[in-house]
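# Analysis of the macromolecular model
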Amino acid sequence: DARVTQTPRHKVTEMGQEVTMRCQPILGHNTVFWYRQTMMQGLELLAYFRNRAPLDDSGMPKDRFSAEMPDATLATLKIQPSEPRDSAVYFCASGLRDTEAFFGQGTRLTVV
Amino acid sequence: DQQVKQNSPSLSVQEGRISILNCDYTNSMFDYFLWYKKYPAEGPTFLISISSIKDKNEDGRFTVFLNKSAKHLSLHIVPSQPGDSAVYFCAAIPLMEYGNKLVFGAGTILRVKS
């Protein structure tokens, strides 16, 4: 049963700490997305990759957020330093060019 | 500036009746539209989609209607079941960018009462 795997599922951290979220896309999918879910904005696109190359990260606060794909089986989203306003659920999704995106279960981040 | 808008934050429907979820968009370059369903503590799952060359797509109890001139789409669920209670997200993809840049609305919480 192919699925997108995200770790950790939950993360509570103190303001100022570094947070790293990880995503294992579905094997064979060449597009990976990072979304953030907030109450007001719904699902916001933060960044996405095609064949491991970043295509668009305009939705991401550049000063503190970074997204990478060290290899085809791992995508990371890092926040440094974290702030309380970063508290949200972060979703990773993967897909192929002509298919819908498949989402992971999300990482619920709480910054206190 | 939200390009995909779901103006109803929530909707409550009696079991067996029709649920109609609405979505409006502003970008005329959107070419493909999708609905995702999300249960608590889970990621969104794909439900149904429609290409801009069609005005209707049906899959079992779910039908999506697209009105391009009004830049409006809707999801009909008939008959509604308690298990349909979830958050429904409308999403759109710009022309020639299939698999890319899903632009989501804020979601509508559907509650189906038994």
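None of the values given here were measured: they were computed from a predicted structure.

Take unusual backbone geometry next. Each neighbour pair has its own omega, and for Thr-7 of chain A with Pro-8 of chain A the value is -10°, a cis peptide bond. Between Gln-80 of chain A and Pro-81 of chain A the backbone carries a cis peptide bond, its omega angle lying at -5°. Among the secondary structure elements, Pro-81 of chain A is positioned in the loop between strand E8 (74-79) and strand E9 (88-95). Of note, the phi angle at Arg-52 of chain A is positive, near 75°, even though the residue is not glycine. Non-glycine residue Ala-41 of chain B carries a positive phi angle of around 65°. Mapped onto the elements, Ala-41 of chain B comes out in the loop between strand E4 (30-38) and strand E5 (45-51). Look at Ala-41 of chain B and you get exposed, because its relative accessible area is 53%.

So, on to the environment of Gln-6 of chain B. All names here are of chain B. Within the secondary structure layout, Gln-6 lies in the loop between strand E1 (4-5) and strand E2 (10-14). Its relative accessible area of 7% is what places Gln-6 among the buried residues. Along the backbone, Gln-6 and Asn-57 are 51 residues apart, and their C-alpha atoms lie at a distance of 20 Å. When residues no more than four places from it in sequence are discounted, the contact partners of Gln-6 are Asn-22, Cys-23, Trp-35, Tyr-88, Phe-89, Cys-90, Gly-105, Ala-106, Gly-107 and Thr-108. Within the structure, Gln-6 has its side chain in polar contact with the backbone oxygen of Tyr-88 (distance 2.9 Å).

Residues and elements named next belong to chain B. Burial along strand E11 (residues 108-113) is one-sided: Thr-108, Leu-110 and Val-112 are buried, and none of Ile-109, Arg-111 and Lys-113, which face the opposite way, are. Of the pairings in the sheet, the one linking E2 to E11 comprises five bridges and is parallel in character. The residue bridging Leu-11 from the neighbouring strand is Leu-110, located in E11. As defined by bridge partners, strand E9 (residues 86-94) adjoins E11 across three bridges and the pair is classed as antiparallel. Residue Tyr-88 lies in a different strand from E11, and its bridge partner there is Thr-108.

On to the nonpolar core. Phe-33, Trp-35, Leu-73, Leu-75 and Tyr-88 of chain B are the most contacted members of the largest nonpolar core, which has 24 residues in total. When contributions to this core are tallied by element, the ones reaching two or more residues are strand E3 (19-25), E4, E5, strand E7 (62-67), strand E8 (72-77), E9 and E11 of chain B. Top element by residues in this core is E9 of chain B. It accounts for four residues. Formed by 22 residues, the second largest nonpolar core is a distinct cluster that contains Val-32, Met-60, Leu-77 and Cys-92 of chain A.

With that settled, the discussion passes to the sheet that holds E8 of chain A. Residue and element names in this part refer to chain A. An order of E1-E3-E8-E7 is seen for the four strands of this open sheet, with the pairing classed as antiparallel. Of all the strands in the sheet, the pair left with one neighbour each is strand E1 (5-7) and strand E7 (65-71). For this sheet, the mean angle separating the axes of adjacent strands, direction not counted, is 20°. Judged from the three bridges that link them, E1 and strand E3 (residues 19-24) form a sheet pairing that is antiparallel. Along E3, the bridge assignment pairs Gln-6 with Cys-23.

Calculation rules
- Residues numbered from 1 in each chain as written.
- Chains lettered and ligands numbered in written order.
- Predicted model: local features only at pLDDT ≥ 70, side-chain atom pairs only at ≥ 80, totals over all residues.
- Heavy atoms only, no water.
- Helix = DSSP H or I, 4+ residues; strand = E, 2+ residues; numbered from the N terminus.
- Buried < 20%, exposed > 50% of the residue type's maximum accessible area, 1.4 Å probe, protein only.
- Contact = heavy atoms within 4.5 Å.
- Polar contact = N/O pair within 3.5 Å; in protein donor to acceptor, adjacent residues only side chain to side chain.
- Pairing = 2+ DSSP bridges.
- Core = buried A, V, L, I, M, F, W, Y, C linked by side-chain atoms within 4.5 Å.
- Axes fitted to C-alpha atoms, helices over the stretch in contact; angles between N-to-C directions.

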